[in-house]
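Observations on the three-dimensional arrangement
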Amino acid sequence: MDAIRIRGGNALFGETKIQGSKNAVLPVMAAALLIEDISIIENCPRITDVLHMQKLLTKIGCKVSRSGRTLMIDARHVSRDKVAGESVTGMRSSLMLLGAMLGRFGEVTMEYPGGCVIGKRPIDIHLDALQKMGVSIQKEEETFTAMAKRLTGSVITLPFPSVGATENVILAAVRAKGVTVLQNAAKEPEITALCNFLQKAGALIEGTGGPVLIIQGGCRLHGVQFKVPSDRIVAGTYLFSVLGTGGHIFLRDAPVSQMRSMLKLAVEMGAEVTASGEGLSVIVSAGKKAVPYVKTDVYPGFPTDMQSPLMAVLSTAAGVSVIEETIFEDRFRMALELSKMGAEILTDGKKAVITGVEKLHGCEVYAKELRGGAGLVIAGCMAEGETIVRNRHFIERGYEDICRDYQDLGVNIVTE
Ligand code: UD1
């Protein structure tokens, strides 16, 4: 039935464990293609985007197997097949295979990638950067071919610190001839995870976590065992859920150091948070405050992926809140569904104005993309009565088992 049924209106109490990060594991899986050996990836979340990436790697000739949360990728024998099919057109991260295939073969033909419908999501920054490394691009209607007689290190300045473009340049640069200096690189923790994986495999990368990355190409890469860090967006989803409902929860393995902007806002809204080496404790005992203004931004700013979960919570905060979305131009699709539950939200271009109402009421709503879907599940936990969130498959792209996690936190929630 592809839905989630929630009986909401109660505070959250309990403990749940945070899964491995979607946005970290996908580029790491692509990077395994650069290593003519066996990569062992631990703490790999069981999400559909990972399954899609597994399928793509298998199609190219990798042997991929899973044991629990450990993924083994044997990339000793791979082919330069076209990167195409549903797993490409349905998932933006398939684009990571562009840099990886270029690094491995100097050539790739692929379909244009898909992913969440949250704006135009062009790939010009990726292609322009790779062209500076000697790659020529030939565009067809549904596919494009990227080819380099000799992939060469270069000085590249990104016009915007795109996460995906940074990852693609890194992937190509570790196998290029010479040094690549990437300026205005994205600083998201998932970039650091990719660099750490490659460094463990023998790559030389300086400046990890900063805006300038210096990548020495051509190092011999060897098989590696790597643990994927916890998912900061999944942890943030539950952090903001308890702000929505009140209660006391513990998020085991929450990557606290990567969540500063979220924690700062959560505290301003009324959460008491305590971080330890084991995770994050969150207590919300009084009502939450509205947020006069918050904007989404590149890391370490407030993440765009948390914008919908935040909007759901603010729908019942006392007062008027304003969210400005600065990363994706079409990311307020959830607002209309929230209004069906009684929320008062006006969107105008990049801004959403949310006037807190006393309570939401449960009803049938439709997820239109991954993080908006998670926002609707939060709204369902907050609302009185029963909420049915349809299109569960969007949520399963990034949440291993959202119902299990909320059941751990005492919510009456089931899939159907
Ligand atoms: C990644 C994350 C996504 C997150 C986003 C921003 C993954 C799998 N996805 O997506 O969850 O929301 O970072 O933190 O890691 N842009 C261009 N041209 C390009 C590339 C991007 O104009 O060639 C624009 C996009 O349309 C968007 C902005 O740049 O407006 C940010 O995109 P980018 O940082 O590339 O995000 P993704 O890598 O797609």
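Just so it is clear, the structure is predicted and the values come from calculations on it, not from any experiment. (Residues numbered from 1 in each chain as written. Predicted model: local features only at pLDDT ≥ 70, side-chain atom pairs only at ≥ 80, totals over all residues. Heavy atoms only, no water.)

If you walk across this open sheet you meet the four strands as β21-β22-β1-β23, and the pairing is mixed. Looking at strand neighbours, the two that pair on one side only are β21 (364-366) and β23 (412-415), the edges of this open sheet. When strand polarity is set aside, the average angle formed by the axes of neighbouring strands in this sheet is 20°. For strand β1 (residues 3-8) and strand β22 (residues 385-390), the ladder comprises six bridges, and the chain directions are antiparallel. Bridging from a neighbouring strand, isoleucine 4 pairs with valine 389 of β22. Helix α12 (residues 370-382) contacts β1, β21, β22 and β23 of the sheet and is inclined by roughly 30° relative to β1. (Pairing = 2+ DSSP bridges. Helix = DSSP H or I, 4+ residues; strand = E, 2+ residues; numbered from the N terminus. Axes fitted to C-alpha atoms, helices over the stretch in contact; angles between N-to-C directions. Contact = heavy atoms within 4.5 Å.)

Before going further, it helps to spend a moment on the packing of helix α8 (residues 232-245) against α12. Where α8 meets α12, the closest approach of the two axes is 9 Å, and the angle between their N-to-C directions is 30°. One element, α8, and the other, α12, form an angle in the roughly parallel class. By crossing handedness, the relation of α8 to α12 is classed as right-handed. Counted together, Ile233, Thr237, Ser241, Gly244 and Thr245 of α8 and Arg371, Ala374, Ile378, Cys381 and Met382 of α12 form the full contact between these two elements. (Parallel < 35°, antiparallel > 145°, perpendicular 65-115°, else oblique. Left-handed = near helix turned anticlockwise from the far one by under 90°.)

On to a nonpolar patch on the surface. Taken together, the side chains of Val179, Val212 and Ile214 make up a nonpolar region of the molecular surface, amounting to roughly 190 Å² of accessible area. Residue valine 212 is classed as partly exposed on the basis of its relative accessible area, which comes to 36%. (Patch = residues over 30% accessible without salt bridge, like charges linked within 9 Å, V, L, I, M, F, W, Y side chains within 5 Å. Areas by Shrake-Rupley, 256 points an atom, 1.4 Å probe, with all protein chains shown as cover. Salt bridge = Lys/Arg side-chain N within 4 Å of Asp/Glu carboxyl O. Buried < 20%, exposed > 50% of the residue type's maximum accessible area, 1.4 Å probe, protein only.)

Reports of interface size often rely on the accessible area that becomes lost once the parts have come together. On domain assignment, one finds that the protein holds domain 1 (3-18 + 230-415) and domain 2 (22-227). Using only C-alpha atoms to locate each centre, domain 1 and domain 2 end up separated by 30 Å. Counting residues at the interface gives 23 residues for domain 1, matched by 23 residues for domain 2. Summed over both sides, the interface of domain 1 with domain 2 buries roughly 2000 Å², with 49% coming from carbon and sulfur. Here domain 1 and domain 2 share three salt bridges between them. The salt bridge involving aspartate 49 is made with arginine 397; its shortest N-O contact spans 2.7 Å. At the junction of domain 1 and domain 2, the tally comes to eight residue pairs in polar contact (both at pLDDT 80 or more). Grouping the constituent residues of the side of domain 1 that touches domain 2 by class yields six nonpolar, four polar and 13 charged. (Domains from an automatic or database assignment. Buried area = accessible area lost by both parts, 1.4 Å probe. Polar contact = N/O pair within 3.5 Å; in protein donor to acceptor, adjacent residues only side chain to side chain. Nonpolar A, V, L, I, M, F, W, Y, C, P; charged D, E, K, R; others polar.)

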